[in-house]
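Survey of secondary and tertiary structure
Each chain is listed here by its residues.
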Amino acid sequence: MEILRRRIENQIMGVTGMALGNIDYEHPSGDPGLFGPQSVCWRVHSDFTSMLCGGISSLMLQMLHPLALAGVWDHSNFRDDMLGRLRRTSQFIAATTFASTADAERLIDRVRRIHDDVIGVAPDGRPYAANDPDLLTWVHVAEVSRFLAAHLRYRNPDLSAADQDRYYAEVARIAEALGARDVPRTRGETDAYLEAMRPQLRFDDRTEEVFRLLIGAPAPHPLARPLVALTMRAGVDLLPTWAAEMAHRGMPRWQRHTVRAGVHRLVPIMRWSVRNGASSRARRRVAGATTMAAESPTEHDRT
């Protein structure tokens, strides 16, 4: 059984940022990172199933903004490596949540430098820049609102309203570090922001191609194909109803039921198999300080 568990775990890791490496989640011992294990974002971001589904949905929602789409279209190789884009996004979320303080800040600085070069002109003639504070706010809100929606659907539907507000307040720190402004910090502010943004969103031929490529993204291994296909459908299901209809991806009730039932059947397998993800490694790092303190000799031991 252990061999089977590790094989499943490896396949799941293959569609996440863990496949990229480069982040040491287990050192330095005792470092809580930017948030620490008592934060709500550690709880929300630690569940692989909901984060995979929410991550897909967030990319779909983000691409409804013409300027966000233009930046990806002009400066990304997503058409040849959609899975790579998903992995890089996953790594950024995992590292800023669970990595050491230094690693999280290093990754934020690196993304800011990358954004400096992502500039251009959209098809409608408007200039865009990835470091535009308003555009950064859109990308952030589209992302974290879908993460929380997925958590409420597939992990903890009873997460309190206060903790949901606390989640938005916590993760606003990352958006602001990247340069976003007027970042919503509560459920009410987030819902109002999304509603206010609707007139700016579009779905055209280029958006359709991004959706098609995303939904059809290849699995890293044949064994992972059912997982990838299901999470893509779950991502569509997690879109706000108005966004799914704009993208011509509305689902009848029976289909939504089928997708949700499929994810719920997958959840026990995912949670059984994934034991060495970013959150598990981070918890070992934080706990290391306690272990080291317990093992350190006292003055009485030295005498």
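Residues numbered from 1 in each chain as written. Predicted model: local features only at pLDDT ≥ 70, side-chain atom pairs only at ≥ 80, totals over all residues. Heavy atoms only, no water.

The protein chain is annotated in an unreviewed UniProt entry as Oxygenase MpaB family protein of Chromohalobacter beijerinckii.

Next up on the list: the overall build of the protein chain. Regarding its fold elements, the protein chain presents 15 helices and 2 strands. Considering only intrachain contacts with a sequence separation of at least 6, the fraction spanning at least 24 residues in the protein chain is 79%. In the structure as shown, the protein chain presents an accessible area of about 14500 Å², 53% of it carried by carbon and sulfur atoms. (Helix = DSSP H or I, 4+ residues; strand = E, 2+ residues; numbered from the N terminus. Contact = heavy atoms within 4.5 Å. Areas by Shrake-Rupley, 256 points an atom, 1.4 Å probe, with all protein chains shown as cover.)

Applying the stated rule across the entire model yields 14 salt bridges. Between Asp124 and Arg126 there is a salt bridge, with its nearest N and O atoms 2.9 Å apart. A residue is classified by how much of its surface remains accessible, and Asp124, at 47% relative accessible area, is partly exposed. A relative accessible area of 34% means that Arg126 is categorised as partly exposed. Across the salt bridge formed by Asp237 and Arg153, the nearest N and O atoms sit 3.0 Å from each other. A residue pair is termed long-range when its members are at least 10 positions apart, and Asp237 in helix H11 (residues 225-237) and Arg153 in helix H7 (residues 133-154) qualify at 84 residues. (Salt bridge = Lys/Arg side-chain N within 4 Å of Asp/Glu carboxyl O. Buried < 20%, exposed > 50% of the residue type's maximum accessible area, 1.4 Å probe, protein only.)

Applying the stated rule across the entire model yields 4 aromatic pairs. Ring centres of Trp138 and Tyr193 lie 6.5 Å apart, and the angle between their planes is 35 degrees; on these two criteria the pair is classed as tilted. Separated by 55 residues along the polypeptide, Trp138 in helix H7 and Tyr193 in helix H9 (residues 187-197) bring together distant segments of the chain. By relative accessible area, Tyr193 is classed as buried at 16%. Its end group placed over the ring of Phe35, Arg173 keeps NZ or CZ at 5.8 Å from the ring centre. (Phe/Tyr/Trp six-rings, centres within 6.5 Å; stacked < 30°, edge-to-face > 60°. Lys NZ or Arg CZ within 6 Å of the ring centre and 35° of its normal.)

Moving on: the side chain of Gln164. Structurally, Gln164 can be placed in helix H8 (residues 161-178). Residue Gln164 is classed as buried on the basis of its relative accessible area of 9%. Of the polar contacts made by the side chain of Gln164, one reaches the backbone oxygen of Leu159; its length is 2.9 Å. Setting aside chain neighbours within four positions, we find Gln164 in contact with Leu148, Leu152, Leu159 and Arg187. (Polar contact = N/O pair within 3.5 Å; in protein donor to acceptor, adjacent residues only side chain to side chain.)

Moving on: helix H4 (residues 66-75). In terms of burial, H4 is a largely internal element, 8 of the 10 residues being buried. Taken as a whole, H4 has its buried residues at Pro66, Leu67, Ala68, Leu69, Ala70, Gly71, Val72 and Trp73. Taken together, the buried residues of H4 touch helix H3 (48-62), helix H5 (82-98), strand S2 (127-129), H7 and helix H10 (205-215).

To continue, consider the nonpolar core. With 58 residues, the main nonpolar core has Leu61, Trp138 and Leu214 as its most contacted residues. Counting residues in hydrophobic clusters, the runner-up holds 36 residues, among them Ile108, Leu148, Tyr168 and Ala175. (Core = buried A, V, L, I, M, F, W, Y, C linked by side-chain atoms within 4.5 Å.)

Scored by pLDDT, the protein chain comes out at a mean of 88, with 87% of its residues at no less than 70. Taken as a whole, residues 291-303 scores under 50 in pLDDT and shows 2 contacts with residues more than four places along the chain or in a different chain. (pLDDT = per-residue confidence, 0-100.)

Below, the discussion takes up unusual backbone geometry. For residues besides glycine, phi is generally negative; the peptide bonds are generally trans as well. His27 connects to Pro28 through a cis peptide bond whose omega is 0 degrees. Relative to the elements of secondary structure, Pro28 occurs in the loop between helix H1 (2-13) and helix H2 (40-45). Positive phi, normally seen in glycine, also occurs at Asp182, with a value near 50 degrees. For Asp182, a relative accessible area of 69% corresponds to the exposed category. In the Ramachandran plot, His248 falls in the positive-phi region, its phi being about 55 degrees despite a non-glycine side chain. Tracing the sequence through the fold places His248 in the loop between helix H12 (241-246) and helix H13 (253-273).

In contact at an axis separation of 9 Å, H3 and H13 are set at 130 degrees when each is read in the N-to-C sense. As judged from the angle between their axes, H3 and H13 are oblique. Residues Phe48, Thr49, Leu52 and Cys53 of H3 touch H13, and the partners they reach there are Val263, Val267 and Met270. Split by residue class, the contact of H3 with H13 holds 6 nonpolar, 1 polar and no charged. (Axes fitted to C-alpha atoms, helices over the stretch in contact; angles between N-to-C directions. Parallel < 35°, antiparallel > 145°, perpendicular 65-115°, else oblique. Nonpolar A, V, L, I, M, F, W, Y, C, P; charged D, E, K, R; others polar.)

What H10 keeps buried is the set Arg206, Thr207, Val210, Phe211, Leu213 and Leu214. The buried residues of H10 all sit within an arc of 170 degrees when viewed along its axis, so they share a single face. The inward-facing, buried residues of H10 contact H3, H4, H5 and H11. Where H10 begins, the capping side chain belongs to Asp204, and its oxygen is found 3.1 Å from the backbone nitrogen of Arg206. (Arc of directions from axis to C-beta.)

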